[in-house]
Amino acid sequence: MLLISCKNCHKVYEKENYDEFVCTQCKHKVQKRVKNSLQVSLALTICAILLYIPAMLYPMMEITKLGIKTQSTILEGIISFLEYENYFIAFVIFTASVIIPLIKLLGLLLIFISLKIDIKLRNKNKNRIFKFIHLIGKWSMIDIYVVAILASVIQMGELFNIKGGLAATSFALVVILTMIAANRFDTRIIWDD
Ligand SMILES: [Zn+2]
C-alpha cells in the first residue's frame, strides 16, 4: 500500500500504485510528480529575472502636475521619499519592490539550479528556502498597491494625474510569473535522486 497526498488540498489516499487519479475532495489531478515541473518553473523564473530589469530601469509612475509631465523609476521614487524625510515609506517601498522580489527570484533560481547541477545544499535547506519564498510572496504586491492608492487618492483630472508607467507592467509580471513558478513547482522533486 502507498500513501499519496493531494498536492492541492493535502487529503491523503491509500493506493496500490502511482497511477493518476482525481481527488474526490477538490477534483485536482493527483500525480506522482507534476510533469516538467522543474523545467517550466525554471523558465518562468528566468523570464521574471529578465523583466526585473525594465521594472527597475523604466518609469514606475508618471505624474502630470499642471500639465507638466514627470516620470520616475522605483529608485528615483525612493530617493524623493528620502528627500522629503518619509523614511518609513521609503523603507517599505524599497523592501517590497526591490529587495523581496530579488530574494524570491534568486532563491528560486538557487533551488532550481541546485536540482540541475550538483551544488552542496541540503534538501532540508532547499525546502526551507522554498517555504520562506512562499511566506513572503504575499507582501511583494505592496508597491502596485501604493501606486494604485496614490493614483486614486490624488487623481484630480488635468491638474494632477498619476498613472503607472512601463515599469509597473513589468513589475506586475515579475510578481505574477514568480508566483506561478513557485506554485507550480513540485517540491517532492527535491527529494528525488
Ligand atoms: Zn485534493
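What comes next concerns the included structure. This structure is a prediction, so every number in the text was calculated from the model and none was measured.

1. Some details on the coordination of the zinc ion
Then, in step 1: Only C6 (SG), C9 (SG), C23 (SG) and C26 (SG) from the protein coordinate the zinc ion, and they sit 2.2 to 2.3 Å from it.
Then, in step 2: Classification of the site at the zinc ion rests on its 4 donor atoms, whose angles at the metal span 105 to 114 degrees, yielding the label tetrahedral.
Then, in step 3: Overall, the relative accessible area of 24% leaves C9 in the partly exposed class.

2. Here's the deal with helix α2 (residues 74-83)
Then, in step 1: What α2 keeps buried is the set I74, G77, I78 and F81. All buried residues of α2 project into a common sector of 100 degrees when viewed along the axis, lining one side.
Then, in step 2: Elements in contact with the buried residues of α2: α1 (37-57), β6 (68-72), α3 (87-116) and α6 (166-184).
Then, in step 3: The positive-phi residue at the C-terminal boundary of α2 is E85, with phi of around 60 degrees.

3. Side note on a nonpolar patch on the surface
Then, in step 1: A cluster of nonpolar residues, I46, L50, I53, L57, Y58 and L166, forms a patch on the protein surface that exposes about 610 Å² of accessible area.
Then, in step 2: Tallying contributions element by element places α1 first for the nonpolar patch, with 4 residues.
Then, in step 3: When you line up the elements, L166 lands in helix α6.
Then, in step 4: Take L166: its relative accessible area is 49%, and that puts it in the partly exposed class.

4. What to know about the nonpolar core
Then, in step 1: Ranked by size, the top nonpolar core spans 33 residues in total, and within it M60, I74, L108, F112 and F185 carry the most contacts.
Then, in step 2: Residue assignment for this core shows that the elements contributing at least two residues are α1, α2, α3, α4 (123-137) and α6.
Then, in step 3: Grouped together as the second largest cluster of nonpolar side chains are 6 residues, I4, C6, Y13 and V30 included.

5. Remarks on α6
The periodicity of an α-helix, 3.6 residues per turn, causes residues three or four positions apart to be oriented the same way.
Then, in step 1: With 19 residues, α6 ought to run about 27 Å at 1.5 Å a step, and its terminal C-alpha atoms sit 27 Å apart, in line with that.
Then, in step 2: Where α6 is concerned, the buried positions are A167, A168, S170, F171, A172, V174, V175, L177, T178, A181 and A182.

6. So, the pairing of β6
Then, in step 1: In the sheet, strand β5 (residues 61-65) pairs with β6 via 5 bridges, with the strands oriented antiparallel. Directly across from T64, in β6, lies its bridge partner K69.
Then, in step 2: Joining the antiparallel neighbours β5 and β6 is a turn of 2 residues, in which L66 adopts a positive phi near 50 degrees.

7. Let's talk about unusual backbone geometry
Then, in step 1: Of note in this structure, H10 is not a glycine but carries a positive phi near 65 degrees.
Then, in step 2: Mapped onto the elements, H10 comes out in the loop between β1 (2-5) and β2 (12-15).
Then, in step 3: Despite not being glycine, K27 shows a phi value in the positive range, around 65 degrees.
Then, in step 4: By the secondary structure assignment, K27 is in the loop between β3 (21-22) and β4 (29-30).

8. Side note on the layout of surface pockets
Then, in step 1: The volume enclosed by the largest pocket comes to roughly 510 Å³.
Then, in step 2: Along its surface, the largest pocket is lined by 21 residues, and S5, K7, D186, T187 and R188 are the ones closest to its centre.
Then, in step 3: Within the residue set of the lining of the largest pocket, elements represented by two or more residues are β1, α4 and α6.
Then, in step 4: Among the elements that make up the lining of the largest pocket, the one with the highest residue count is α4 (4 residues).
Then, in step 5: Partitioning the lining of the largest pocket into residue classes produces 8 nonpolar, 7 polar and 6 charged.
Then, in step 6: Domain assignment of the residues forming the lining of the largest pocket places at least three in each of domain 1 (1-32) and domain 2 (35-191).

9. Observations regarding the side chain of D186
Then, in step 1: By the secondary structure assignment, D186 is in the segment after α6.
Then, in step 2: Using a relative accessible area of 0% as the deciding quantity, one classes D186 as buried.
Then, in step 3: Within polar-contact distance, the side chain of D186 engages the backbone nitrogen of V34 at 2.7 Å.
Then, in step 4: The residues contacting D186, other than those within four sequence positions of it, are K7, K32, R33, V34 and S37.

Calculation criteria
Just so you know, the residues in each chain are numbered from 1, in the order the chain's sequence is written. Given that this is a predicted model, residues contribute local features only at a pLDDT of at least 70 and side-chain atom pairs are listed and counted only at 80 or more, while totals for whole chains, interfaces and linings are drawn from all residues. Calculation of side-chain values draws on the structure's entire complement of heavy atoms; hydrogens and water are dropped beforehand. Nitrogen, oxygen and sulfur within 2.8 Å of a metal are treated as its donors, or within 3.2 Å for sodium, potassium and calcium (Na, K, Ca); water is not counted, so a site can appear incomplete. Site shape is set this way: if four donors have all angles between 85 and 135 degrees, tetrahedral; if opposite donors are over 155 degrees apart and all others between 65 and 115, square planar for four donors and octahedral for six; otherwise irregular. Accessibility here uses a 1.4 Å probe with only protein chains present; expressed as a share of the type maximum, an area under 20% marks a residue as buried, one over 50% as exposed, and anything in between as partly exposed. The secondary structure listing takes helices from DSSP runs of H or I that are at least 4 residues long and strands from runs of E that are at least 2 residues long, numbered from the N terminus. Arc definition: it is the arc formed by the directions from the helix axis to the C-beta atoms. By the convention used here, residues are in contact when the closest approach between their heavy atoms is within 4.5 Å. Residues enter patches when their relative accessible area tops 30% and they take part in no salt bridge; the joining distance is 9 Å for like charges and 5 Å for the nonpolar side chains Val, Leu, Ile, Met, Phe, Trp and Tyr. Each accessible area is a Shrake-Rupley estimate made with a 1.4 Å probe; only the visible protein chains count as cover when residues are assessed. Basic side-chain nitrogens of Lys or Arg form a salt bridge, by our definition, when they fall within 4 Å of a carboxyl oxygen of Asp or Glu. Only buried residues count toward a nonpolar core. Its members are Ala, Val, Leu, Ile, Met, Phe, Trp, Tyr and Cys residues joined through side-chain atoms within 4.5 Å. A helix is expected to reach a length of 1.5 Å times the quantity of its residues less one. Pairs of strands are assigned from DSSP output, requiring at least two bridges between the strands. In this analysis, the protein atoms alone were mapped onto a 1 Å grid. Cavities are point sets where a 1.4 Å probe fits without being able to get out; pockets are open sets with protein on both sides within 12 Å along at least five of seven lines; lining residues have an atom within 4 Å of a point. Grid points are joined across faces, edges and corners, and a volume is the space filled by probe spheres set on the points. Just so you know the grouping, Ala, Val, Leu, Ile, Met, Phe, Trp, Tyr, Cys and Pro go in nonpolar, Asp, Glu, Lys and Arg go in charged, and all remaining residues, Gly too, go in polar. Domain delimitation follows an automatic or database domain assignment. Between N or O atoms, a polar contact is any pair within 3.5 Å; within protein, one atom must be a potential hydrogen donor and the other a potential acceptor, and residues adjacent in sequence are included only when both atoms are from side chains.

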